[in-house]
Protein chains: 2
Amino acid sequence: MKIIDPWGSTLPSDYTKIMKDFGLEQFSKNMFPKPNRAMRREVIFAGRDLKIISDCIKNKKPFYALTGIMPSNEQIHLGNKLVVENLRYFQDQGATVYILIADLESMVTRGITLEEAKKRALNFHVPAYIALGLDPKKTFFYFQSENIEVVKLGFEFAQKITLNEFKGLYGVAEPGRIMAAVTQAGDILFPQLKQKIPGIIPVGIDQDPHIRLTRDIVSRFKKYKFFAPSSLYNKFTPSLDGDLKMSKSKPEYAISLPEDLKTVKKKIMRALSGGRDTLEEHRKLGAIIEKDMCFELLKQHLIEDDEELQKIYEEYKSGRMLSGELKQLTYEKMEEFMNNFNQKLEKARKEINTLNFIKF
Amino acid sequence: MKIIDPWGSTLPSDYTKIMKDFGLEQFSKNMFPKPNRAMRREVIFAGRDLKIISDCIKNKKPFYALTGIMPSNEQIHLGNKLVVENLRYFQDQGATVYILIADLESMVTRGITLEEAKKRALNFHVPAYIALGLDPKKTFFYFQSENIEVVKLGFEFAQKITLNEFKGLYGVAEPGRIMAAVTQAGDILFPQLKQKIPGIIPVGIDQDPHIRLTRDIVSRFKKYKFFAPSSLYNKFTPSLDGDLKMSKSKPEYAISLPEDLKTVKKKIMRALSGGRDTLEEHRKLGAIIEKDMCFELLKQHLIEDDEELQKIYEEYKSGRMLSGELKQLTYEKMEEFMNNFNQKLEKARKEINTLNFIKF
């Protein structure tokens, strides 16, 4: 079985193979009402136990959606944006949203002090997640280091996990990573300590080992009667040079949130294009859209309206729209998004004290 | 390098070799004022950084002594008695004593729930430690699961420990044991978060990996300016059949606290004796004292007065005292000790609410 390391940089290139190897369910946009942009466009491609969540939505039964923030530096990326948009989707469908600040994890895997993590989270990550569209009234935050219940769950779970299992799931098994992973399992199940309801964890596919670990744990601690967490997987936003995943290991091909617009413009202009080599050829053959990273940005992130996207697709595909024009359009959409994000970020920063931080 | 597994049952038979392998200092009873029974009789045989503690005592500077309670079943053993007596010794020399209830450890290594651990600790272990002679006014207790500061230290420390190092120290490296060990390092250093003072940890030699791990950690987290923990090692109380360590894996040769007196009597009568095969031979050659497990009990645990012990030694060695007489004497001393322990245990149980439990 292929191992995906959620902390590493080796990544699967074949989503279909991944699905088969890990026993994921294929996602279909008909599963949920009013699918969001990522759902409609197959950016969401798989999940686990999705029916239980779809039933909660249909029958208006309570469920939760959860993610964690790694307060490692004062930037997030477009993958975080996808996760937050999925959380917002479930929030609109009735979910209570939990967002934990994984400060114990950032300490045990990267040596970031709890003080520094708290500062960064309050100053940037939490406001940024709100700026990306969460409803502050229905979103609950906590710090791992303040949540002794989560820590206790982690210790309890660790008793029934062997080192070999851990290596099988994660490929690596260093002390810090083991502690981070069992604590994360505690986070994922924590909302069920109060109320036994299903929950869904929207993640990038590289985070699946955490989901599998947690599901294994649920089956070993039957006394708790936990629902195994459902999960929802998005594809990666590709690197602007066409590689599978945008990553800060190649910063010249990655866009961060926030990022200054001059740099963003340069990056977009330099992005891998689906345009042909000559104007004549382009007009004649049209663009190779699958290769075009700007179109991918529009599709995954920047154009909400399906008809608008379809129109651009046709114009570009037919050769009527040139690659320079598509890049200009992408930049304008990105500029609008980034300005909007920055504005909302500032607003959320000022309102940080009004957010729901869980007290322990 | 020989590996000692603090959770296992393989044990070193050669204390001198151990001292050399692990770089321990030889203990001498001249190091500390008014040495206690175990110190005077070479039951204490080694330590680390003992001079810093001896200086604290001489110069009346503050220091601490610490041990942990594993609330795994409602019995303790004679090894715990030695540790408590050493704590009491340091208490009398000015130390603040900390006793932590290792409930996270008993959960993560043995699956004992926190509720069960708390019940057992309050009903038995804590009163038993008081019954063994600690001054309740100068002794501070806490539960690991309530001490988030200790947990945080464990997570911080884990970042700078590799799996291979862990295996080198402990021989094994399962997730639960890793988490227990780094948390224990947090316990050992916790008193220094409030006040940077030296501390000493009296232990059986099998617990040395924890001491080494903690000392390694201190050298890697210089920002804390922790004193590396000093340690003091006692030999094991031998199994009554002459094996190196009394252990519940051979219950017929082990005495627990508490234990009913009838059973104790049987065990003592069956213990390996240094008496000769015939009365005539015994009177002529005298006992082989090194072989005699009852004499070892008297020496390690039951006779406080050196002259009294010396007299018995001479009587028995010369053959004037018979092995049956020594056994009878040992039983009487044990009966006195056990009755006394039970009485004090009941008293301490009633006074459990007056003890110093640290509040968090």
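Residues numbered from 1 in each chain as written. Chains lettered and ligands numbered in written order. Predicted model: local features only at pLDDT ≥ 70, side-chain atom pairs only at ≥ 80, totals over all residues.

A. How the structure looks around the overall build of chain A. Of the regular secondary structure elements, chain A holds 16 helices and 10 strands. Relative to its length of 360 residues, chain A is compact, with a C-alpha radius of gyration of 21 Å against a globular reference of 21 Å. Taking the principal axes of the C-alpha coordinates as reference, chain A spans close to 70 × 45 × 45 Å. Taking all 360 residues of chain A together, 46% fall into the buried category. Pairs at least 24 apart in sequence give 76% of the contacts found in chain A among residues at least 6 apart. (Helix = DSSP H or I, 4+ residues; strand = E, 2+ residues; numbered from the N terminus. Rg over C-alpha atoms; globule rule 2.2 N^0.38 Å. Buried ≥ 20, exposed ≤ 12 C-beta atoms within 10 Å, placed from the backbone. Contact = placed C-beta atoms within 7 Å.)

B. Structural detail: the interface of chain A and chain B. Each partner contributes residues to the interface: chain A has 25 residues there, and chain B has 25 residues. Those elements that provide at least two residues to the side of chain A that touches chain B are α5 (103-110), α7 (148-158), α8 (163-170) and α9 (175-189) of chain A. Ranked by residues supplied to the side of chain A that touches chain B, first place goes to α7(A) with six residues. When the residues that make up the side of chain A that touches chain B are grouped by side-chain class, the tally is 16 nonpolar, six polar and three charged. (Nonpolar A, V, L, I, M, F, W, Y, C, P; charged D, E, K, R; others polar.)

C. View of the sheet that holds strand β2 (residues 44-48) of chain B. An order of β1-β2-β8-β7-β3-β5-β6-β10 (chain B) is seen for the eight strands of this open sheet, with the pairing classed as mixed. Strands with a single pairing partner mark the edges of an open sheet, and in this sheet they are β1 (25-26) and β10 (356-357) of chain B. (Pairing = 2+ DSSP bridges.)

D. A look at the packing of helix α6 (residues 114-131) of chain A against helix α16 (residues 323-350) of chain A. Residue and element names in this part refer to chain A. Running from amino to carboxyl end, α6 crosses α16 at an angle of 120°, the nearest separation of the two axes being 8 Å. Comparing the axis directions of α6 and α16 gives the class oblique. Two packed elements cross with a definite hand, and for α6 against α16 that hand is right-handed. Taking contact as the criterion, the partners of P127, A128, I130 and A131 in α6 are, on α16, F341, K344, L345, A348 and R349. Along the lines of polarity and charge, the residues of the contact of α6 with α16 split into seven nonpolar, no polar and two charged. (Axes fitted to C-alpha atoms, helices over the stretch in contact; angles between N-to-C directions. Parallel < 35°, antiparallel > 145°, perpendicular 65-115°, else oblique. Left-handed = near helix turned anticlockwise from the far one by under 90°.)

E. Local environment of the pairing of strand β7 (residues 199-204) of chain A. Residue and element names in this part refer to chain A. β7 sits mainly inside the fold: five of its six residues count as buried. Here two bridges tie strand β3 (residues 64-69) to β7, and the two strands are oriented parallel to one another. The residue of β7 that forms the bridge with A65 is I200. In this sheet, strand β8 (residues 230-234) lies alongside β7 in parallel orientation, the contact comprising five bridges. Counted as the bridge partner of I201 is S231 from β8. The parallel pair β7 and β8 is bridged by helix α11 (residues 208-220), and the resulting crossover is right-handed. (Right-handed = clockwise from strand over helix to strand, strands pointing away.)

F. Representation of the domain arrangement of chain A in the model. All names here are of chain A. Examined at the domain level, chain A breaks down into domain 1 (15-236) and domain 2 (251-345). Using only C-alpha atoms to locate each centre, domain 1 and domain 2 end up separated by 30 Å. Opposite the 13 residues of domain 1 that make contact, domain 2 presents 12 residues. Secondary structure elements with two or more residues in the side of domain 1 that touches domain 2: α2 (37-40), β4 (76-77), α4 (78-92) and α6. For the side of domain 1 that touches domain 2, the residue count by class is seven nonpolar, two polar and four charged. (Domains from an automatic or database assignment.)

G. Looking closely at the relation of the copies chain A and chain B. Superposing chain A onto chain B requires a rotation of 180° together with a translation of 0.0 Å along the rotation axis, leaving an RMSD of 0.0 Å. The transformation relating the two chain copies, once decomposed into turn and shift, fits a two-fold axis. Looking at the interface residues of chain A, 100% of them are also at the interface in chain B, so both copies use one shared face. (Least-squares fit on C-alpha atoms with pLDDT ≥ 70 in both.)

H. Geometry of the packing of helix α14 (residues 293-302) of chain A against α16(A). Residue and element names in this part refer to chain A. At their nearest, the axes of α14 and α16 sit 9 Å apart, and the two run at 30° to each other. Here α14 and α16 pass one another in a crossing that is left-handed. Contacts between α14 and α16 involve C294, F295, L297, L298 and L302 on the former and, on the latter, L326, K327, T330, K333, M334 and F337. Classifying every residue of the contact of α14 with α16 gives eight nonpolar, one polar and two charged.

I. Examining the confidence of the model for chain A more closely. Residue-level pLDDT values for chain A average 94, and 96% of them are 70 or greater. Two summary scores accompany this predicted model of the complex, namely pTM at 0.92 and ipTM at 0.91. (pLDDT = per-residue confidence, 0-100.)

J. How the structure looks around the nonpolar core. One finds A:Y129 and B:Y129 to be the most contacted residues of the largest nonpolar core, which totals 162 residues. Excluding residues within four positions of it along the chain, A:Y129 makes contact with A:I69, A:V84, A:I99 and A:L134. (Core = buried A, V, L, I, M, F, W, Y, C linked by C-beta atoms within 7 Å.)

K. Summary view of the sheet that holds β3(A). Across the sheet, eight strands lie side by side as β1-β2-β8-β7-β3-β5-β6-β10 (chain A); this open sheet has mixed pairing. Sheet topology places β1 (25-26) and β10 (356-357) of chain A at the edges, where each strand pairs with a single neighbour.

L. Examining α7(A) more closely. Burial runs high along α7(A): nine of the 11 residues are buried. Residues A:V150, A:V151, A:K152, A:L153, A:G154, A:F155, A:E156, A:F157 and A:A158 constitute the buried set of α7(A). In this structure, the buried side of α7(A) is in contact with α9 and α11 of chain A together with α5 (103-110), α6 (114-131), α7 (148-158) and α9 (175-189) of chain B.

M. Fine view of the pairing of strand β8 (residues 230-234) of chain B. All names here are of chain B. For β8, a buried count of five out of five residues is recorded, marking the element as mostly surrounded by other parts of the structure. Residues S230, L232 and N234 of β8 are buried on one face, and the alternating residues S231 and Y233, pointing to the opposite face, are buried as well. As defined by bridge partners, β2 adjoins β8 across four bridges and the pair is classed as antiparallel. Of the residues in β8, the one forming a bridge with I44 is N234.

N. How the structure looks around the environment of B:L132. Residues and elements named next belong to chain B. Along the chain, the position of L132 falls in the loop between α6 and β6 (139-143). The buried category is assigned to L132, around which 21 C-beta atoms lie within 10 Å. Here the alpha-carbon distance between L132 and L82, two residues 50 residues apart in the chain, equals 9.3 Å.

O. Quick look at unusual backbone geometry. Geometrically, the link from A:L257 to A:P258 is a cis peptide bond, its omega value of -10° lying close to zero. Despite not being glycine, A:D49 has its phi angle at roughly 45°, a positive value. Examined against the element boundaries, A:D49 turns out to sit in the loop between β2 (44-48) and α3 (50-58). On the basis of neighbour counts, which here come to 17 C-beta atoms within 10 Å, the residue A:D49 falls in the partly exposed class. The backbone of B:K60 shows a phi angle near 50°, a positive value even though the residue is not glycine. With respect to the helices and strands, the residue B:K60 is situated in the loop between α3 (50-58) and β3 (64-69). For B:K60, a count of 8 C-beta atoms within 10 Å corresponds to the exposed category.

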